[in-house]
Amino acid sequence: MEQRRFKSRYGRFALLRAALVVFLAITMLLGLVLFAVDRNARASNEHQARTDLASAARVAAADVSTIRANLRAQAAEAASSAAVQRAVLSGNAKQIIAVARDHHAQIVIGSRRLGVRLPGIQMHGSASIADRGRTLATVVVGVQLDRSFLDALAYSAPVPPGAALLLVRDGHVLAGGPVGAATSMQNGRLQILGLKFAAERHPLGVARASVVAVEPVAAVDAAIAPFRRRLFLAAALTLALAAALAARLARPAARMLADLRHLRRQAETDGLTAIANRRKFDERLDEEIEHARRLDTNVSLVLADIDNFKSINDRYGHQTGDAVIKAVAEAFAASVRDIDLVARFGGEEFAAVLPGTNLLGARRLSERVRKTVEALSVELPDGQRVTVTASFGVAAFPTYGAPGALIAAADFALYEAKAQGKNCVVTASAKDGARVAAGAFAS
């Protein structure tokens, strides 16, 4: 009864774990999809904002070119005016000032500037008045580059809501923002006084000046806020459906996980003895040697072989032989630590990987296993009992620095144990480049 209750609790736990695995898998997949969609939406929104800003800057720059052409035309018209030419030829300053003001122009004669003042930052158009190849005066018509000028540009340019135009020259604001403030522009971002703006610039062809369309980054990001709210609402609904789906898929998922664990155990376990197989042993030995090399510590290898096993098979049959192999495997596995690995090395031969154990510790463990095996008594179907012994070879890293060398050294020590009369432990050591068998323990 208690066992059934345990199995029932374990089954419920397995189902819950499977449901959790399914739910987490769906959540991770949904998270990746959300991240990709959100990133693409932000990239698309930023691209659209930059496209709009670039269009506004381009149109504004074209309008500035038109204004410059108009200024040159106005200057040329004033310079060709008979009244202006007569005033210049007369040399009468009052008359020159009067006609210059009538044309909203400034007339430059030598070092004198007569007519309207051109204060602040200006964009000019000019034309000369000449006589017989000699310049008598220059007529200058200008417009001030200030916020009202930018407002006029923005009125005709497709400036997005929340955006504005700036005039920038040599990295400083001329108009439209904090005049004189330094600017830093990189990757479509303009920074002014620590504030970041999405920005696109277009040169004006006026002494390194540019018109820049800017929009606060926060305003650009806010444009996709409604989309993101809908996206995360859809994600929340999807997660709710995922939870319900996980509950439905828990049972088949639990079966699938159990099957995977079973297949993995089969791939790593010897079918007769239920200990690790040769494949698992090879993987673990490689891992432990690499780990010991990194941490500058020890790892030992024990090889054991059942003595006179062929005669047991010949006398009692293979079923008895299998029973002996299983009994020795159980004795070996019960004598080691949880971190150690006991494996069936092949036939009646076994191996143990002992992490963090030096040669002396491995020899002591082998001797303990040897005595346990010696005390075994396997009962036959007819009531008879069979006793067995085993021989052991031990080698250690870093004396032998590679898996192949370690196995060869332990195998050589095992061969020496057989040669010394069996049922004993022999350790391998390296001296002057040769393997020496030493430290034999006889029963």
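Owing to the predicted nature of the structure, the values given are computational and were not obtained by experimental measurement.

Student: Describe unusual backbone geometry, with residues and values.
Tutor: For residues other than glycine, phi is negative in most cases, and the peptide bonds are mostly trans. The step from F397 to P398 runs through a cis peptide bond, and the omega angle for that step is 15 degrees. As for its placement among the helices and strands, P398 is situated in the loop between β16 (390-397) and α11 (403-419). We note that H104 has phi near 50 degrees; this positive angle belongs to a residue other than glycine. Note on placement: H104 falls in the loop between α3 (93-102) and β1 (106-109). Phi angles above zero are rare outside glycine, and N423 is one such case at about 50 degrees. In this fold, N423 is placed in the loop between α11 and β17 (424-431). Residue class for N423 comes out buried when judged on its relative accessible area of 8%.

Student: For the sheet that holds strand β4 (residues 134-144), give the residues involved together with the corresponding values.
Tutor: Ordered by their spatial adjacency, four strands build an open sheet running β2-β1-β4-β3, and the pairing between neighbours is antiparallel. Since the sheet does not close on itself, it has two edges, and those belong to β2 (112-115) and β3 (122-131), each with one partner. Sheet twist, expressed as the average angle between the axes of neighbouring strands with direction ignored, equals 25 degrees. In terms of strand pairing, β1 meets β2 through four bridges, oriented antiparallel. What sits directly across from I109, in β2, is R112. Its contacts with the sheet put α3 on β1 and β2, and the angle it makes with β2 is roughly 55 degrees.

Student: Kindly report on the confidence of the model for the chain, identifying the contributing residues and their values.
Tutor: In this model, the chain carries a mean pLDDT of 81, and residues with pLDDT of at least 70 account for 85%. Taken as a whole, residues 1-10 scores under 50 in pLDDT and shows three contacts with residues more than four places along the chain or in a different chain. Scored below 50 in pLDDT, residues 432-443 shows 34 contacts in the model against residues more than four places distant or in partner chains.

Student: So, the pattern of salt bridges: which residues are in play, and what are the values?
Tutor: Pairing between side chains of opposite charge can happen when their charged atoms approach one another. Evaluation of the coordinates by the stated rule reveals 13 salt bridges. Two residues, K280 and E268, come together in a salt bridge whose shortest N-O distance is 3.9 Å. Of this pair, K280 sits in helix α7 (residues 278-295) while E268 sits in helix α6 (residues 225-268), placing them twelve residues apart in sequence. A relative accessible area of 21% places K280 in the partly exposed class. Here R370 and E367 are joined by a salt bridge, their closest N and O atoms 2.6 Å apart. Of this pair, R370 and E367 both sit in helix α10 (residues 359-374), three residues apart, which is roughly one turn of that helix.

Reading the values: rules and limits
- Residues numbered from 1 in each chain as written.
- Predicted model: local features only at pLDDT ≥ 70, side-chain atom pairs only at ≥ 80, totals over all residues.
- Heavy atoms only, no water.
- Helix = DSSP H or I, 4+ residues; strand = E, 2+ residues; numbered from the N terminus.
- Buried < 20%, exposed > 50% of the residue type's maximum accessible area, 1.4 Å probe, protein only.
- Pairing = 2+ DSSP bridges.
- Axes fitted to C-alpha atoms, helices over the stretch in contact; angles between N-to-C directions.
- Contact = heavy atoms within 4.5 Å.
- pLDDT = per-residue confidence, 0-100.
- Salt bridge = Lys/Arg side-chain N within 4 Å of Asp/Glu carboxyl O.

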